[in-house]
Amino acid sequence: MKKIILVLVVIAVAVGAIGFYLWNKPSEYVSDGKPDYTISLVELTNDGKNLSDSIFGTKYVGKAIQFEAEVESVADNKGAKTLTLKTNDDGLVVNAGFHESIADKLSKIVSGDKVKLQCDCSGVTKPESEDDLLSEIEINLTRCNLIK
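Residues numbered from 1 in each chain as written. Predicted model: local features only at pLDDT ≥ 70, side-chain atom pairs only at ≥ 80, totals over all residues. Heavy atoms only, no water.

Hey, could you run me through the pattern of salt bridges in this one?
Pairs can form between side chains of opposite charge once their charged atoms are near each other. Tallying each qualifying case throughout the model produces 7 salt bridges. Among the ionic pairs, Lys 59 bridges to Asp 47, the shortest N-O distance being 3.3 Å. Pair noted here: Lys 59 is in helix H3 (residues 53–60) and Asp 47 is in helix H2 (residues 41–50), with a separation of 12 residues, a long-range link. Of the residues examined, Asp 47 reaches a relative accessible area of 15% and is grouped as buried. Ionic pairing is found between Glu 70 and Lys 114, a salt bridge with its closest N-O pair at 3.4 Å. Of this pair, Glu 70 sits in strand E2 (residues 64–77) while Lys 114 sits in strand E5 (residues 114–125); the two residues are 44 residues apart in sequence, bridging distant segments of the chain. Its relative accessible area of 23% is what places Glu 70 among the partly exposed residues. Lys 114 gets classed as exposed once you look at its relative accessible area, which sits at 65%. One salt-bridge network, held together by shared partners, links Glu 70, Lys 86 and Lys 114. (Salt bridge = Lys/Arg side-chain N within 4 Å of Asp/Glu carboxyl O. Helix = DSSP H or I, 4+ residues; strand = E, 2+ residues; numbered from the N terminus. Buried < 20%, exposed > 50% of the residue type's maximum accessible area, 1.4 Å probe, protein only.)

Okay, structure coming up:
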């Protein structure tokens with residue numbers, strides 16, 4: 001009987017310790033570490049335009065991508081920021097989303113600034129047909145981190 005109680009106490013302590021660790025573990029709000037791809041924004045946008053959604057998704061979605069770009073505009077949404085990056089193509093939009101926890105790093109970023117980012121790609125959105133009113137191709141990047 002004492003052995004059963006001792007085993008139950010050890011299991012309860014282990015479960016409690018694991019739960020405490022997971023509860024207090026910080027969430028990952030930014031992409032950091034070694035990127036899966038270090039490419040130019042031009043290469044990413046060309047792949048977004050020319051590859052099918054499924055091939056683009058297989059290659060880039062969920063992958064960390066590091067690149068340099070020029071900021072076209074900055075939008076603030078309740079502390080979280082989104083940078084629209086300059087692509088020199090009116091039919092293509094690249095949005096880089098940042099978590100509110102790194103808003104201080106982004107406070108001095110304005111249109112025209114050159115930045116180096118590492119982001120996770122969340123996909124490309126293309127119009128269903130050429131007759132769609134919204135005929136822009138949109139590449140969305142999340143969990144972005146300002147490298148410089």
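Having seen the structure, we can now continue with the description.
Is there a simple way to explain the pairing of E5 in this structure?
Walk down a regular strand and you will see the side chains alternate between the two sheet faces. Both E2 and E5 contribute to a ladder of 7 bridges, which runs antiparallel. Within E5, the position partnered with Gln 66 by the bridge is Gln 118. Bridge count between E5 and strand E6 (residues 137–146): 7 bridges; the pairing is antiparallel. Bridge pairing links Cys 121 to Leu 141 in E6. (Pairing = 2+ DSSP bridges.)

Sorry if this is basic, but what is going on with the environment of Asp 36 here?
Position of Asp 36 relative to the elements: it lies in the loop between helix H1 (2–24) and strand E1 (37–38). Here Asp 36 falls in the partly exposed class, since its relative accessible area comes to 48%. Considered as a pair, Asp 36 and Cys 121 are 85 residues apart in the sequence and their alpha carbons are 11 Å apart. In this structure Asp 36 touches Lys 63 and Ala 64, once residues within four positions along its chain are discounted. (Contact = heavy atoms within 4.5 Å.)

It is not clear to me how the state of the cysteines should be interpreted in this structure. Could you clarify?
By definition, a disulfide links the sulfur atoms of two cysteine residues through a covalent bond. Counted by the stated rule, this structure contains 1 disulfide. Here Cys 119 pairs with Cys 144 through a disulfide, and the sulfurs are 2.1 Å apart. Taking the sign of the S-S torsion, about 115 degrees here, the bridge from Cys 119 to Cys 144 comes out right-handed. Here Cys 144 lies in strand E6 and Cys 119 lies in strand E5, a separation of 25 residues in the sequence. For Cys 119, a relative accessible area of 0% gives the class buried. When its relative accessible area of 0% is taken as the criterion, Cys 144 is described as buried. The cysteine Cys 121 is free of any disulfide, with Cys 119 supplying the nearest cysteine sulfur at 9.3 Å. (Disulfide = S-S within 2.5 Å.)

Interpretation note: all reported values are geometric properties and have no functional meaning in isolation.
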